[in-house]
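Each chain, letter by letter, is given below.
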Amino acid sequence: RNIDKVDLKKARRYGMAEEARDGRIKYTYGGVVFIYDPKTRREVTSYASADNLVGGTTGTKFADPIVLKEHEWDGDWDRQFEKSHHDLMKEHARIVLASNDDKSKAKYTS
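Residues numbered from 1 in each chain as written. Predicted model: local features only at pLDDT ≥ 70, side-chain atom pairs only at ≥ 80, totals over all residues. Heavy atoms only, no water.

Across its full length, the protein chain carries three helices and four strands. Counting over 110 residues, the protein chain shows a buried share of 14%. Relative to all contacts within the protein chain whose residues are 6 or more apart in sequence, the contacts with residues 24 or more apart total 27%. Summing over all exposed atoms, the protein chain offers an accessible surface of approximately 9900 Å²; the carbon and sulfur share of this is 52%. (Helix = DSSP H or I, 4+ residues; strand = E, 2+ residues; numbered from the N terminus. Buried < 20%, exposed > 50% of the residue type's maximum accessible area, 1.4 Å probe, protein only. Contact = heavy atoms within 4.5 Å. Areas by Shrake-Rupley, 256 points an atom, 1.4 Å probe, with all protein chains shown as cover.)

Along the polypeptide, Thr40 turns up in the loop between strand E3 (32-37) and strand E4 (42-48). Distance in space between the C-alpha atoms of Thr40 and Arg24 is 9.9 Å, their sequence separation being 16 residues.

On to the environment of Phe34. Note on placement: Phe34 falls in strand E3. With relative accessibility at 6%, the residue Phe34 sits in the buried group. Put simply, Phe34 and Arg12 are 22 residues apart on the chain and 8.8 Å apart in space, counted from C-alpha to C-alpha. When near neighbours in sequence (up to four residues on either side) are disregarded, Phe34 contacts Ile3, Asp7, Leu8, Ala11, Ile25, Lys26, Tyr27, Tyr29, Thr45 and Ser46.

Let us now look at the layout of surface pockets. If you add up the space inside the largest pocket, you get close to 200 Å³. For the largest pocket, the full set of lining residues is Lys5, Leu8, Lys9, Arg12, Tyr36, Arg41, Arg42 and Glu43. At the level of elements, helix H1 (5-14) and E4 are the ones that each hand at least two residues to the lining of the largest pocket. Here the lining of the largest pocket gets four residues from one element, more than from any other, and that element is H1. (1 Å grid on protein atoms, 1.4 Å probe; cavity = no way out; pocket = protein on both sides within 12 Å on 5 of 7 lines; lining within 4 Å. Points joined across faces, edges and corners; volume = space filled by probe spheres on them.)

See below:
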């Protein structure tokens, strides 16, 4: 029936499954109904969903994608990142050294 295997795979994976006649499975996905025969592991037919034609929703309905604006970086953003990372590492090292120094000065009593 010239059904694209990718479409059938998506319908089987993400669509709504229902039992059909003769042990077949009816998958509804993206407004299309796929009939699949698990015994022969083949698709039987596909057609547009009647619910989808009258404005209803069947299977999965896709939301419009969210398009993000491209962030504009300064020309030297990599140097800015490197400098901020270097400053953070220096601050981390200072804290670790101060912490170790405090531990060595502390007197532990039991």
